[in-house]
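# Understanding the architecture of this molecule
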Amino acid sequence: MLEIVLMHPDGKLQRLEAPVGVSLMQVATGAGVRSIVAECGGSAMCATCHVYVDPAWAGKLAPPLANELEMLECTSSERRPTSRLSCQIKLRADLDGLTVQLPESQQ
Ligand code: FES
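Let us look at the structure shown here. Every residue gets a number counted from 1 within its own chain, in the order that chain's sequence is written. Local features in this predicted model are restricted to residues whose pLDDT is 70 or higher, and side-chain atom pairs enter the listing and the counts only when it is 80 or higher, whereas totals over whole chains, interfaces and linings include all residues. Excluded from the side-chain calculations are hydrogens and water; all other atoms, namely the structure's heavy atoms, are used.

## Quick look at unusual backbone geometry
Spelled out, the test is: Note on conventions: DSSP H or I runs of at least 4 residues are helices, E runs of at least 2 residues are strands, and numbering of each starts at the N terminus. Exposure is judged per residue with a 1.4 Å probe applied to protein chains only, and the accessible area is read against the type maximum: over 50% gives exposed, under 20% gives buried, and values in between give partly exposed.
For Ala44, which is not a glycine, the phi torsion comes out positive at approximately 55 degrees. In this structure, Ala44 sits in the loop between helix H1 (24–30) and strand S3 (50–53). At Ala47, a position not held by glycine, the phi torsion is positive, near 65 degrees. Secondary-structure assignment places Ala47 in the loop between H1 and S3. Assessed through its relative accessible area of 2%, Ala47 is described here as buried.

See the structure below:
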């Protein structure tokens, strides 16, 4: 198990335990995090699982594929340099402590 840290728009931190191999979106929705809507269920088709990865972690993630980059054009909240779709972030053991900020809105 590893820990991920979600920073809510009001600044509150939420720590979640997560198994290796699942997506960040799956962990967040499984924990009832309402800021991650995930309308498409994780197929990079909706952009409602948008997060801002902490800059300290952004370089440790696998780079986004073309379909993720395309969908990041459709986020409700502004796109930033570290914007990612949380359904495309697969958790690995070396991502223990991964920290992301949740956007103000998803729809
Ligand atoms: S859940 Fe739809 S793009 Fe991630």
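Next, the rest of the story.
## Digging into the sheet that holds strand S5 (residues 99–101)
Filter applied, for reference: At least two bridges found by DSSP between two strands are what make those strands a pair. In this description, a line fitted to the C-alpha atoms serves as the axis of each element, helices being fitted only across the stretch in contact, and the angle between N-to-C directions of two axes falls anywhere from 0 to 180 degrees.
Spatial strand order, S2-S1-S5-S3-S4: five strands in an open sheet with mixed pairing. Looking at the sheet topology across the chains shown, the edges are occupied by strand S2 (13–18) and strand S4 (83–85). Between one strand and the next, the sheet's axes are offset by a mean angle of 40 degrees, whatever the strand orientation.

## Topic: the nonpolar core
The cut-off we apply is this: Throughout, nonpolar core names a set of buried Ala, Val, Leu, Ile, Met, Phe, Trp, Tyr and Cys residues whose side chains join them through atoms within 4.5 Å.
Core analysis: the largest hydrophobic core is formed by 29 residues, its most contacted members being Ile4, Leu6, Ile36 and Leu98. Here the element with the most residues in this core is H1; it accounts for four residues.

## So, the pattern of salt bridges
So the rule is basically this: Between Lys or Arg on one side and Asp or Glu on the other, a salt bridge is scored when a side-chain nitrogen of the former is within 4 Å of a carboxyl oxygen of the latter.
Going through the model one piece at a time under the given rule, you end up with six salt bridges. We note a salt bridge from Glu73 to Arg79, for which the minimum N-O separation is 2.7 Å. Residue class for Glu73 comes out exposed when judged on its relative accessible area of 60%. Classification of Arg79 as partly exposed rests on a relative accessible area of 35%. Here Asp94 ties to Arg92 by a salt bridge, and the two come within 2.8 Å at their closest N and O atoms. A residue is classified by how much of its surface remains accessible, and Asp94, at 49% relative accessible area, is partly exposed.

## Structural notes on the environment of Cys87
Put simply, the rule reads: Residue contacts are counted whenever heavy atoms from the two residues lie within 4.5 Å of one another.
Following the sequence through the fold, Cys87 ends up in the loop between S4 and S5. For Cys87, a relative accessible area of 3% translates into the label buried. Considered as a pair, Cys87 and Gly41 are 46 residues apart in the sequence and their alpha carbons are 8.1 Å apart. Not counting the four nearest positions on each side in its chain, Cys87 is found in contact with Ser23, Met25, Gly42, Ala44 and Cys49.

## Focus on the side chain of Ser23
For Ser23, the location among the structural elements is in the loop between S2 and H1. If near-sequence neighbours (up to four positions away) are discounted, Ser23 is found in contact with Ser86, Cys87, Ile89, Lys90 and Leu91.

## Structural notes on the environment of Gly41
Among the structural elements, Gly41 can be located in the loop between H1 and S3. Sequence separation between Gly41 and Asn67 is 26 residues; the distance between their C-alpha atoms is 15 Å.

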